[in-house]
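Residue-level structural notes
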Amino acid sequence: MSSTLQPALAAQADFEEVAALIAAARQRAVKAVNTTLIDLYWQVGQTISRKIEQAQWGDGVVAQLAGHLARTQPGLRGFTTRNLFRMRQFYEAYRNNEKISALPRQLPWTHNLIILNQSQRPEEREFYLRQAIREKWSKRELERQFKTALFERTVLSPVKVTPLVSQMHPDALSVFKDSYLVEFLDLPPGHQEADLHQGLLQQLKQFLIELGRDFCFVGSEYPLQVGGRDFALDLLFFHRGLNCLVAIELKVGRFEPEYLGKLGFYIEALDRDVKKPHEQPAIGVLLCASKDEEVVEYALSRSLSPALIAAYQTQLPDKALLQAKLHELYAQNVAIDAAEGNASS
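Values in this document were obtained by computation on a predicted structure and should not be read as measured data. (Residues numbered from 1 in each chain as written. Predicted model: local features only at pLDDT ≥ 70, side-chain atom pairs only at ≥ 80, totals over all residues. Heavy atoms only, no water.)

Below, the discussion takes up the overall build of the protein. Across its full length, the protein holds 13 helices and six strands. Relative to a compact globule of 345 residues, whose C-alpha radius of gyration would be 20 Å, the protein shows 26 Å and is clearly more extended. If one aligns the C-alpha atoms of the protein with their principal axes, the spans along those axes are about 85 × 80 × 45 Å. Here the protein, with 345 residues, has 40% of them falling under the buried criterion. The contacts of the protein with a sequence gap of at least 6 include a subset with a gap of at least 24, amounting to 66%. Put simply, the protein shows about 19,400 Å² of open surface, and 53% of that area lies on carbon and sulfur atoms. If the 39 positive side-chain charges of the protein are averaged to one point and the 41 negative ones to another, these points end up 9 Å apart. (Helix = DSSP H or I, 4+ residues; strand = E, 2+ residues; numbered from the N terminus. Rg over C-alpha atoms; globule rule 2.2 N^0.38 Å. Buried < 20%, exposed > 50% of the residue type's maximum accessible area, 1.4 Å probe, protein only. Contact = heavy atoms within 4.5 Å. Areas by Shrake-Rupley, 256 points an atom, 1.4 Å probe, with all protein chains shown as cover. Lys, Arg positive; Asp, Glu negative; His and termini not counted. Charge placed at Lys NZ, Arg CZ, Asp CG, Glu CD.)

Before going further, it helps to spend a moment on the packing of helix 4 (residues 109–118) against helix 5 (residues 122–135). Running from N to C, helix 4 and helix 5 point in directions that differ by 155 degrees, and their axes come no closer than 9 Å. In terms of orientation, helix 4 and helix 5 fall into the roughly antiparallel class. As helix 4 runs across helix 5, the sense of the crossing is right-handed. Where helix 4 abuts helix 5, its residues Asn112, Ile115, Leu116 and Gln118 lie against Glu124, Arg125, Tyr128 and Leu129. When the residues that make up the contact of helix 4 with helix 5 are grouped by side-chain class, the tally is four nonpolar, two polar and two charged. (Axes fitted to C-alpha atoms, helices over the stretch in contact; angles between N-to-C directions. Parallel < 35°, antiparallel > 145°, perpendicular 65-115°, else oblique. Left-handed = near helix turned anticlockwise from the far one by under 90°. Nonpolar A, V, L, I, M, F, W, Y, C, P; charged D, E, K, R; others polar.)

What follows concerns the pattern of salt bridges. Any two side chains of opposite charge can pair, given that their charged atoms come close. Applying the stated criterion across every chain yields a total of 16 salt bridges. A salt bridge links aspartate 178 to lysine 291; the nearest nitrogen and oxygen atoms lie 2.9 Å apart. Taken together, the positions of aspartate 178 in the loop between helix 8 (163–168) and strand 1 (179–181) and lysine 291 in the loop between strand 5 (280–290) and helix 12 (293–301) put the pair 113 residues apart, joining distant regions of the chain. For the pair aspartate 178 and lysine 291, a shared accessibility class is recorded, and that class is buried. (Salt bridge = Lys/Arg side-chain N within 4 Å of Asp/Glu carboxyl O.)

When you line up the elements, asparagine 83 lands in helix 3 (residues 81–94). Since its relative accessible area comes to 15%, asparagine 83 is described here as buried. Polar side-chain contacts of asparagine 83 include one of 3.0 Å to the side chain of arginine 86. (Polar contact = N/O pair within 3.5 Å; in protein donor to acceptor, adjacent residues only side chain to side chain.)

The next thing to look at is the side chain of arginine 86. Inspection of the secondary structure puts arginine 86 in helix 3. Notably, arginine 86 is buried but unbridged: the nearest opposite-charge side chain belongs to glutamate 143, and the N-O separation is 11 Å.

This part is about the pairing of strand 4 (residues 244–254). Most of strand 4 is tucked away: eight of the 11 residues are buried. One ladder, built from five bridges, connects strand 3 (residues 229–239) with strand 4; its direction is antiparallel. Pairing of leucine 235 across the sheet is with isoleucine 248, part of strand 4. With antiparallel pairing between neighbouring strands as the criterion, strand 3 and strand 4 make up a hairpin whose turn holds four residues, including asparagine 243 at a positive phi of roughly 55 degrees. Regarding the hand of the β-α-β motif, the stretch spanning strand 4, helix 11 (residues 259–273) and strand 5 is right-handed. (Pairing = 2+ DSSP bridges. Right-handed = clockwise from strand over helix to strand, strands pointing away.)

What follows is the structure, given as structure tokens:
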């Protein structure tokens, strides 16, 4: 390499370092602007709420306020009558919950409006606030999570894992799901395992979003050699938060207990031959088209492998039906709490 090229390469590295500093500063500036804006909306909503509650203002005064702002501050956007009432709604939704009142400030206003308008319960709002912050969902991704009824599915069908997963990876229960939506694959009813496998690879970006932000793709048909035999694991990922490899085996039929044996074999091979010294033991996921919950419970209870069983769904769920089931579940819990309260008194 010539002497003139070496300084040029060094300068290029310096340039990239400066560019990275500028990009980081811009990101911090955008975040600071968003926080300031959300704080402003909170304060405006607080003022409107207080004035109305104290009967100093009627709803018509809010429209007059919008008109006043439009006249006195030309070019000001976002302070229409409708948006002013949204700010009031925003403030009143979180004012009595100090535990989550700081969370909305970490999200853009559009995200807050989606969560505020589409959530039916305070716990649902908190769920989507935390998930959106952790997963860094775009507006489109957040809207998709509401369409897939993620909250309802999480409450009604919590993920089921072997005892070893809970012992070795306590945080895994918040990482994995009981079912995964792959409606973006447009799979026909009679699809084969190869169709599912190929579709997931072609739509890997979408699948990674469905899995979660910390999942990183390692390989497909990942080769494992044990003794003198060659094996191929369907999909291999790495989870940054759990610091472990995640093996995924695909099944287009219903779950069968014998599948766990093969998956356990793959997990053992990964831990012995692939896992880095600083990494945690691997986790296995059986992704099946369907599963009998009682069969799953029996199979997982005595399994000695860190594994879980999940279903993949090729169509969006009936959200109205899931909401009805969730309402029924909450009603039952309220009845149980009331009965226990009466018994204790």
